[in-house]
Every structure is written in structure tokens, then in C-alpha cells.
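Fold and geometry: a report
As a plain string of letters, each chain reads:
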Amino acid sequence: MIIDRVEVETINSFSKLELFKEIYGLIWILPIFALLLGITIEVLVIVWLEREISASIQQRIGPEYAGPLGLLQAIADGTKLLLKEDILPSRGDIPLFSIGPSIAVISILLSFLVIPLGYRFVLADLSIGVFLWIAISSIAPIGLLMAGYSSNNKYSFLGGLRAAAQSISYEIPLTFCVLAISLLSNSLSTVDIVEAQSKYGFFGWNLWRQPIGFLVFLISSLAECERLPFDLPEAEEELVAGYQTEYSGIKYGLFYLVSYLNLLVSSLFVTVLYLGGWNFSIPYISFFGFFQMNKIIGILEMVIGIFITLTKAYLFLFISITIRWTLPRMRMDQLLNLGWKFLLPISLGNLLLTTSFQLVSL
Amino acid sequence: MLFVLFPVCFLDETTNAQPAASVQQSSQLQRLATVLRCGAVWAAVEAPAALAVTGEEDIDLLAILPPIAVFAFFYFLVAPPLIMNWMRLRWYKREFVETYLQFMFTYLFYPAMMFWAPFVNFRKFPRDPTMRYPWSKPKEGTPLFKDRYPPIDSY
């Protein structure tokens, strides 16, 4: 779904007829709608996974009334949030109160521009893809800070400040890990990074070439997503719900959505940066070429690539959900200590090691 | 092929003699009718238009649709019943690896399972054997649900 090619072909096909000009001008919306629909369904299934995996870990029955085994529970939750009353705090800053969730959602949604599900199956193959993701993920905490400040609630304000401090602290080691990957791949494009891992199959993954970076990236991603043991901005026992306390209805639903969208983005980026992306990674003999089935193999490769990417992303999702129901929460000073005094030096050392090996290999 | 297409469009344009009072609405309706007619002709006549500008081969729908149809059939009609039956049978009896795999397949096939979910029910109905119809009132004291685990005869 590279827009340029499809758009050019479509325009050339329809431009012979003047009357279709108004129609083909809207072709570019279809891939974006497809991506948004896929993302929404992904969030629904992650909500279901969270509740059912936690029930499984705690040996209790999860949701089982909305659809068989609660498969429709996420849709029911979304509908409930849509129908709830939207409450505004009387002494809060109402414009900021409304803008905060929007900024958070929009910035996360923009991250999906550069996530590839196949060689040509990416919405925008920018040459600075991972850089765009890092830049955009720095915008979401602005929305959280707005939400905390505008709630006229000291606990919400503390939650917002914690969110900003946490994001800033863990953004830096995350960036250094991504920079090391870019050094290995000679590119900031997500498609090029995946292609650089396809040379040696399973052992060509950056997971084996950057094991330290992989661990630091995992921890920083969890902190970036505000997942336990890094959920101090919410901290149910201390701040009620942090910056989300005063929200209800769809605005609260937007924060809920941001949480799971962020988790999905991190899962997909772990897959793209370290686990080989859409590559099959298992040796196989391609017999389609013998029977001149080029179009069929093209379709199958695209479909299999999507499944492979989602399967690998599921590994990170499973790990993060089980960690949430396994570990206790950290204190704020412990959190900042880990970020600044351990992850940052380790990621810097990892980057230095990578540059040293690059020099040696030259 | 294109020369056959243009006269049809020109004919529609020339028959545009309308009164001035309702020229706007009839013009839009006329345009819509023209678009639909041209669309029908266009669907009948397959023109390799993109080749002239980009040099690339046009998208061949007849070669793409069969594999997509086969995959859609498998994804939406074959896999969800199998996965749901597996979940129904093993949901409370599984171990760790099976837990991972069950959740993974639900994660991968979730759009299809969402379509099936409103029509599938894993919870049993009342077990009163004397009920004449499914909507009859069950006898007092009938247990509502079947036991999830079979009774253990020996310890």
C-alpha cells in the first residue's frame, strides 16, 4: 500500500474520464482508513488479552458474558464510555482539559505511519522513520501534563508531573538503543532496518547483535508506556488515577486508548527493530516461482508478513501483560534512579561498543 | 478501445437541453447518470491505461482475487470455529504453553472471531428435561449451568 504507486496508477486509469476527477482525488483516504480500522481492532483485542491473561494468572474466571469468553467485552466497554456523561471540573482549565487527551491520541496515532507490515506494505516509508517515532512519542506527555494541570486537583497534577519526568527520563536510553540499531542498519528507515536483518535468517535479527540494547529497549518501552512496574503516573493506591482522575466518558476512553495504542506501537517497534519484522526467518524452498505464480506469491507473502509481524508483536504484548500482574510498583526515586544512573550509562556504553565494532569492521 | 468509450460520454453531454428553472438539480442527476453509465462501460472495457505513463503493468484483479478469496474464506469461516471450539474444550484445563497459543490465535484471528461472537454461546441453558419448549419455564430448583469439571469418582 505505498500510496505513490497506487495513486499514480489510479489517477492514470481514471484521468481519461473527466467526470471521475472528483472520485480519484479521494483514493488516498482508503489506506489510511484501513490502517485506522486495523489499529482499532488491535486495541480491542489487547483489552481482551489484558483481562483474560490476568484472570488466567490469578486463576479466576475472566469476562465471559459479553460474547463467548468475553470476546465482545472490549466493544461493550467502548460503547459504555461513549454513552457516559462528559464531566468538566468547574474550577479547572477547561480548554486544556479538553485538548490534553486529543494531543496524546493524535501523537500516538501518527507513530503508525512508519510501521511496516511488509516490504511495500507501509503507509509512509520515510527515510527518518524511527526518528519520527521518537520525536512524536515526546509529544504525548505534553497532553498528559496538560490533563494533570487543568484538572484543578493536586493528585492529578502530581500524576501529570510524574508522567512528564518519567517520559523524559526513559526517552534518552530508548533513543540511544535506536541509534545503535541505525548504526548497524545504515539507515533510519524502518523498512531498511528490517531488510538489514533478513540476510542470515533467524540469526540475522538485531536481537543477537544488540542483546544489551534489546534489554534496555524493553525496559524503556515499558516505562514509556507507563506499564507496571512503571505506572507511577497512575498509581491506583497513591493518586487514585493520576492525570485521569477527573475524566469521564469519552475523554477517559481516549486516555484508555492512548495506553493501549502506546503498548501496540512499542510491540511493533520491538518487532521491527530487534525481531526481524515481517521476515520469515525460517529456511524454505519457494516453489511458486517454478509454476509462474508471481502474483499469488506476492499476495501470500504480504499476508504471511502481516501474520508474522503480529505474532512477534504478540510476544512483547504477552510479556508486558504478565509483568504487570507479577511485579510490584517502584517508587519515584527508584524509577528515576534506574533511568538516569543505570539505563542511560548502559545504553551509552552499548552505543560506544557499537561504534567501536563499526570502526573495526571498516 | 478508448475511441469506443468517448462517443458514449459525448452523447450524454449533448442531450443536456434542460429548462433554466431546475438546471442545477437536473445537471447533478445528469452527471450522476453519466458517471454510472461510463462506469458500466469502463467495467466492460478493460483498458491498460497506466502502461502509457508509468510503464508498469496494470493491477491484474483476476489474478489477485482468487488467492485473496481463498485466504478470506479460511480466515473468516474456517479458523474461527476451530479456535472457538478449542477454547471451549480447553479453557479451564490448559497449561502455560497452551495458554500462550490460545491467546495468540485469538489475537491473530480476532476480527473474524468478533463476527462470530454474537452468534456463539458457550454457556448452557437450563437442564430441566421436562421442559416442553426452549422458552418454557423450568422446574423450581433446576441448576442453571452445567458443571465445568466432570465429577471425580475416586481420590
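Residues numbered from 1 in each chain as written. Chains lettered and ligands numbered in written order. Predicted model: local features only at pLDDT ≥ 70, side-chain atom pairs only at ≥ 80, totals over all residues. Heavy atoms only, no water.

Looking at an unreviewed UniProt entry, one finds chain B named NAD(P)H-quinone oxidoreductase subunit L, chloroplastic and attributed to Zea mays. Under the Subcellular location (unreviewed entry) heading, UniProt states for chain B: "Membrane". (UniProt positions renumbered as here; feature names shortened; annotations may be inferred.)

UniProt annotates chain A as NAD(P)H-quinone oxidoreductase subunit 1, chloroplastic of Zea mays. Within the UniProt record for chain A, the comment given under Subunit is "NDH is composed of at least 16 different subunits, 5 of which are encoded in the nucleus." According to the UniProt record, the Subcellular location comment for chain A is "Plastid, Chloroplast thylakoid membrane".

1. Here's the deal with the overall build of chain A
Regarding its fold elements, chain A presents 15 helices and zero strands. Within chain A, buried positions represent 52% of all 362 residues. Across chain A, every contact between residues at least 6 apart in sequence was considered, and the portion connecting residues at least 24 apart equals 80%. As displayed, chain A offers around 16,800 Å² of accessible surface, 70% of which is attributable to carbon and sulfur atoms. (Helix = DSSP H or I, 4+ residues; strand = E, 2+ residues; numbered from the N terminus. Buried < 20%, exposed > 50% of the residue type's maximum accessible area, 1.4 Å probe, protein only. Contact = heavy atoms within 4.5 Å. Areas by Shrake-Rupley, 256 points an atom, 1.4 Å probe, with all protein chains shown as cover.)

2. What about the UniProt feature "transmembrane region" (unreviewed entry) in chain B?
Within this structure's numbering, the places UniProt gives as "transmembrane region" (unreviewed entry) are residues 61-83 and 103-122 of chain B. Note that residues 103-122 of chain B is 65% helix and 0% strand, and that its end C-alpha atoms are spaced 17 Å apart.

3. Topic: the UniProt feature "transmembrane region" in chain A
Those residues carrying the UniProt feature "transmembrane region" are residues 26-48, 97-119, 126-148, 163-185, 254-276, 296-318 and 338-360 of chain A in this numbering. Annotated as 65% helix and 0% strand, the span residues 97-119 of chain A places its first and last C-alpha atoms 41 Å apart.

4. Quick notes on the confidence of the model for chain B
As a general rule, the predicted coordinates of low-pLDDT regions are not to be interpreted in detail. Residue and element names in this part refer to chain B. Per-residue pLDDT for chain B has a mean of 68; in total, 54% of the residues score no lower than 70. Across residues 1-18, confidence stays below pLDDT 50; counting only partners more than four residues off in sequence or on other chains, it has 17 contacts. Confidence drops under pLDDT 50 across residues 46-57; counting only partners more than four residues distant or on other chains, this segment forms 23 contacts. (pLDDT = per-residue confidence, 0-100.)

5. Observations concerning the packing of helix H4 (residues 73-83) of chain A against helix H13 (residues 249-274) of chain A
Each pair of packed helices can be summarised by the angle the axes make with each other and by the distance between the axes. All names here are of chain A. H13 packs onto H4 with a crossing angle of 140 degrees between their chain directions and a minimal axis gap of 6 Å. Put simply, H4 runs oblique to H13. Residues Asp-77, Leu-81 and Leu-82 of H4 form the contact with H13, whose own contacting residues are Gly-249, Ile-250, Tyr-252, Gly-253 and Tyr-256. The residue inventory of the contact of H4 with H13, partitioned by class, reads five nonpolar, two polar and one charged. (Axes fitted to C-alpha atoms, helices over the stretch in contact; angles between N-to-C directions. Parallel < 35°, antiparallel > 145°, perpendicular 65-115°, else oblique. Nonpolar A, V, L, I, M, F, W, Y, C, P; charged D, E, K, R; others polar.)

6. Considerations on the packing of aromatic side chains
This structure, assessed with the given rule, holds 19 aromatic pairs over all chains. When the centroid spacing of 6.0 Å and the interplanar angle of 75 degrees are considered together, the rings of A:Phe307 and B:Tyr75 count as edge-to-face. Here B:Tyr75 lies in helix H4 (residues 61-90) and A:Phe307 lies in helix H14 (residues 294-324), a pairing that spans two chains. A:Phe307 gets classed as buried once you look at its relative accessible area, which sits at 18%. Here B:Tyr75 falls in the buried class, since its relative accessible area comes to 9%. Linked through ring pairs, A:Phe307, B:Tyr75, B:Phe76, B:Trp86, B:Phe105 and B:Phe109 together constitute an aromatic cluster. (Phe/Tyr/Trp six-rings, centres within 6.5 Å; stacked < 30°, edge-to-face > 60°.)

7. What to know about the pattern of salt bridges
All names here are of chain A. Summed over all chains, the structure comprises one salt bridge over all chains. Ionic pairing is found between Asp-77 and Arg-51, a salt bridge with its closest N-O pair at 2.7 Å. Here Arg-51 lies in helix H3 (residues 29-57) and Asp-77 lies in helix H4, a separation of 26 residues in the sequence. You can call Asp-77 buried: its relative accessible area is 13%. Residue class for Arg-51 comes out partly exposed when judged on its relative accessible area of 31%. (Salt bridge = Lys/Arg side-chain N within 4 Å of Asp/Glu carboxyl O.)

8. Focus: the side chain of A:Thr322
Residues and elements named next belong to chain A. Mapped onto the elements, Thr-322 comes out in helix H14. A polar atom in the side chain of Thr-322 sits 2.9 Å from the backbone oxygen of Phe-318. Here the side chain of Thr-322 touches Ile-319 through a polar contact of 2.9 Å, landing on its backbone oxygen. Setting aside chain neighbours within four positions, we find Thr-322 in contact with Ile-53 and Ile-57. (Polar contact = N/O pair within 3.5 Å; in protein donor to acceptor, adjacent residues only side chain to side chain.)

9. A short note on the nonpolar core
Counting 92 residues, the largest nonpolar core has A:Phe112, A:Phe217, A:Leu273 and B:Tyr107 as the members making the most contacts within it. Not counting residues up to four positions away in its chain, the partners in contact with A:Leu273 are A:Val130, A:Val178, A:Ile181, A:Ile193, A:Gln197, A:Asn206 and A:Phe217. Counting residues in each nonpolar core, the second largest holds five residues, with A:Val122, A:Val191, A:Val194 and A:Val272 among its members. (Core = buried A, V, L, I, M, F, W, Y, C linked by side-chain atoms within 4.5 Å.)

10. Side note on a nonpolar patch on the surface
Residue and element names in this part refer to chain A. On the surface, Ile-212, Phe-342, Ile-346, Leu-353, Phe-357 and Val-360 cluster together to form a nonpolar patch covering roughly 610 Å² of accessible area. Considering each element in turn, the nonpolar patch owes the most residues, five residues, to helix H15 (residues 332-361). Of note, Ile-212 is situated in helix H11 (residues 211-224). (Patch = residues over 30% accessible without salt bridge, like charges linked within 9 Å, V, L, I, M, F, W, Y side chains within 5 Å.)

11. Describing the environment of A:Ala163
Residues and elements named next belong to chain A. Following the sequence through the fold, Ala-163 ends up in helix H8 (residues 154-185). A relative accessible area of 2% places Ala-163 in the buried class. Residues Ala-163 and Ala-223, spaced 60 residues apart in sequence, show a C-alpha to C-alpha distance of 9.7 Å.

12. Quick look at the packing of H3(A) against H13(A)
Residue and element names in this part refer to chain A. It is the contact of H3 with H13, at a shortest axis distance of 10 Å, that shows an interaxial angle of 95 degrees. Between H3 and H13, the angle falls in the class roughly perpendicular. Counted together, Ile-39, Glu-42, Val-43, Ile-46, Val-47 and Glu-50 of H3 and Tyr-256, Leu-257, Tyr-260, Leu-261, Leu-263 and Leu-264 of H13 form the full contact between these two elements. Grouping the constituent residues of the contact of H3 with H13 by class yields ten nonpolar, no polar and two charged.

13. What to know about the side chain of A:Ser54
Residue and element names in this part refer to chain A. Structurally, the position occupied by Ser-54 is in helix H3. For Ser-54, the side chain forms a polar contact with the main-chain oxygen of Glu-50, separated by 3.0 Å. If sequence neighbours within four positions are ignored, Ser-54 has contacts with Leu-49, Arg-60 and Trp-325.

14. Some points on the environment of A:Leu184
Residue and element names in this part refer to chain A. By the secondary structure assignment, Leu-184 is in helix H8. Separated by 171 residues in the primary sequence, Leu-184 and Thr-355 have C-alpha atoms spaced 8.8 Å apart. Those residues in contact with Leu-184 that sit more than four places away from it in its chain are Asn-206, Arg-209, Gln-210, Thr-354 and Gln-358.

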